[in-house]
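Chain by chain, the residues:
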Amino acid sequence: MTWLIEPTLPEGWELVVGLEVHVELATATKLFCGCANQFGSEPNTNICPVCLGLPGSLPVINGTAVKYAMQLGRALQCEVGPSVMARKNYFYPDMPKDYQTTQYDQPTSFDGELMLADGFRVGVERAHIEEDTGKSTHVGGGGRINDAVHSLVDYNRAGVPLVEIVSHPCLDTIEHAKAYVSGLRDILLAIAVSDARMEEGSMRVDANVSVRPMGSEELRTRCELKNINSIRSMGRAIEYEALRQIDLYSNGESPRQETRHWDEAAGRSTPGRSKEDADDYRYFQEPDLVRLVPSAAEIATIDDAMPARPSARRTALRQLVPAASVSVDVIATLVDRGQDELAIAAIGEGADPEKVVTRLQHDLAVDDFSKITAGALADLIRMETTGELTATQVKQVLSEMVDTGGEPGPIAESRGFEAMPTDDLAGIVDQLIAEHPDEWTRFVGGDDGDRKKMQGFFTGEIMRSTRGQADGRAVAELLAQRSAG
Amino acid sequence: MSDRITRDEVIHVARLARLELAPDEVDAFTEQLARVLEHAADVESLEVDDVPPTSHPLPLVNVFRADEITPSIDRDEVLAQAPFAEDHMFRVPPVLGEEP
Ligand SMILES: [Zn+2]
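Going through the model one piece at a time under the given rule, you end up with 34 salt bridges over all chains. Close ionic contact of A:R197 with A:D195 constitutes a salt bridge, the shortest N to O distance being 3.5 Å. For A:D195, a relative accessible area of 33% corresponds to the partly exposed category. Here B:D27 makes a salt bridge to B:R7, at a shortest N to O gap of 2.7 Å. Residue B:D27 is located in helix 2 (residues 23-44), and its partner B:R7 is located in helix 1 (residues 7-16); the two are separated by 20 residues in the primary sequence. Connected through shared salt-bridge partners, A:E241, A:R244, A:R256, A:E258 and A:R260 make up one network.

Written out as structure tokens, the structure is:
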């Protein structure tokens, strides 16, 4: 995986994307009442006077939801300070109170960032607490809202706690947008505040997309894309929208500020509500809820319990491995798999850093590697470094270590692994050269490509006839020696 | 009293709130609402430039609820009070435009 400059945009244009990500918090109950926060219940079974907005009911905020929101804020390196709930007034049947309780001018978290694996910094403007809406099903007109005969509303989701994370409009490629969303998901799972399932709607992404001439600093008219239900779908939606806008500009027209509805099956978006007039939601502070004022001690407790961020983990591993020999992607892969701690510990036991990282990347793509201890891994890498075991043997031993958690020495012994003495190996190499004169000529006299291909051929033959017991490095040396002499 | 609000305005507001009022109720609410508006006008006349805005009269912060499930209410009972219900859901007229 390499970070490419977005290859699909016509030359001279660049992309400007800001993302609004809604995340459902994994609390037991809703934000303001004790109804279960549960996906997939029978319609309207998790409802009460509070989340139905019945007159006289009073909300009390869920302490766990507030704690999760603050944890998420700190994980995104935000300032977390005093905050206030506010009413956002609008009339829509999935909001039974006719207002959504959210945060406006004093959000819980603000001014944060998320570092991507390639070092790109995504600024996080704010991460505020709000309640989810109910769910409408549009009946008639093929499910499309504009043609519906009527709508059916299920309020199980109304009042479920959300955090809305708003990025700065700083994402410059589709790859960065995707990496940001998947990075957010990793953080949510790591701190266990949400199950972050896009397909179940517990993580929802709206994308604000505009384009501008390459190198310009202006922010042009943007469109907001909704109904994105996977990271892949987001990439397609952004690409479609950017090309649509460039097309308009190229024809002397301009896009209109609007929300657009992404249709994954059709691979295109259709215009929705025009956003040319600023929405007037008549925000005001929620009189039924008091201010949230975290103490410095609470924030410190959250910080102390915070698992290391992926970006910090990548840096920690990166510092131990020579940069020239191992790419950022390999480091990112090990962190994604949660193998960075094992690698760092094995390096700490004296194993060769480059070999540890390479071995884990190629030969430990398994879900459960919990039986492998750092000490055993370090021993195994040492046996590889000294030539006691060949690369092929190391793989086999490692795979047995995954299953049994054994030590590499006894496993190698029980399998009868010993590296083949170089003299025996030389004999086999010479015999193979004699058996394959054409291939040998191409190895000795061919261009780089030929040489590489034939090296692969001879190495493969040698491994076959020694049942993997030959040391790959010794084979390469022998081949080089024979062709030079 | 009361040039603050007319009978016709009360009838209009009641209609917007989907409330059906008997004629004597219209009279009663016209008078009561006029008194509320009178009070608002009194407050409005105060000089408050130096008073910081406040959302809450009580000096309280951090009032939390434990994250424990309490029983929900009976679905059939709730749906029976809605104008229309279908498939255990509230049936509402189609809405133009999109949700914010
Ligand atoms: Zn409830």
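With that settled, the discussion passes to the confidence of the model for chain A. Across chain A, the average pLDDT comes to 90, with 94% of residues at or above 70. The low-confidence segment residues 1-6 of chain A, where pLDDT is below 50, has 10 contacts with residues more than four positions distant or belonging to other chains.

Bringing empty space enclosed by the protein into the picture now. Residue and element names in this part refer to chain A. Inspection of the entire model under this criterion finds three cavities of 30 Å³ or more. When grouped by side-chain class, the residues that make up the lining of the largest cavity number seven nonpolar, one polar and two charged. Taken as a whole, the second largest cavity spans an internal volume of roughly 60 Å³. Forming the boundary of the second largest cavity are A75, I187, A190, I191, M306, P307, A308, R309 and P310. Grouping the constituent residues of the lining of the second largest cavity by class yields eight nonpolar, no polar and one charged.

A few words on the environment of A:S233. Residue and element names in this part refer to chain A. Among the structural elements, S233 can be located in helix 3 (residues 231-250). In this structure S233 comes out as buried when scored by relative accessible area, which is 0%. The spacing of S233 and G267 is 34 residues in sequence and 8.8 Å in space, taken between C-alpha atoms. Once residues within four sequence positions are removed from consideration, S233 is found in contact with I228, W262 and E264.

Definitions and cut-offs
- Residues numbered from 1 in each chain as written.
- Chains lettered and ligands numbered in written order.
- Predicted model: local features only at pLDDT ≥ 70, side-chain atom pairs only at ≥ 80, totals over all residues.
- Heavy atoms only, no water.
- Salt bridge = Lys/Arg side-chain N within 4 Å of Asp/Glu carboxyl O.
- Buried < 20%, exposed > 50% of the residue type's maximum accessible area, 1.4 Å probe, protein only.
- Helix = DSSP H or I, 4+ residues; strand = E, 2+ residues; numbered from the N terminus.
- pLDDT = per-residue confidence, 0-100.
- Contact = heavy atoms within 4.5 Å.
- 1 Å grid on protein atoms, 1.4 Å probe; cavity = no way out; pocket = protein on both sides within 12 Å on 5 of 7 lines; lining within 4 Å.
- Points joined across faces, edges and corners; volume = space filled by probe spheres on them.
- Nonpolar A, V, L, I, M, F, W, Y, C, P; charged D, E, K, R; others polar.

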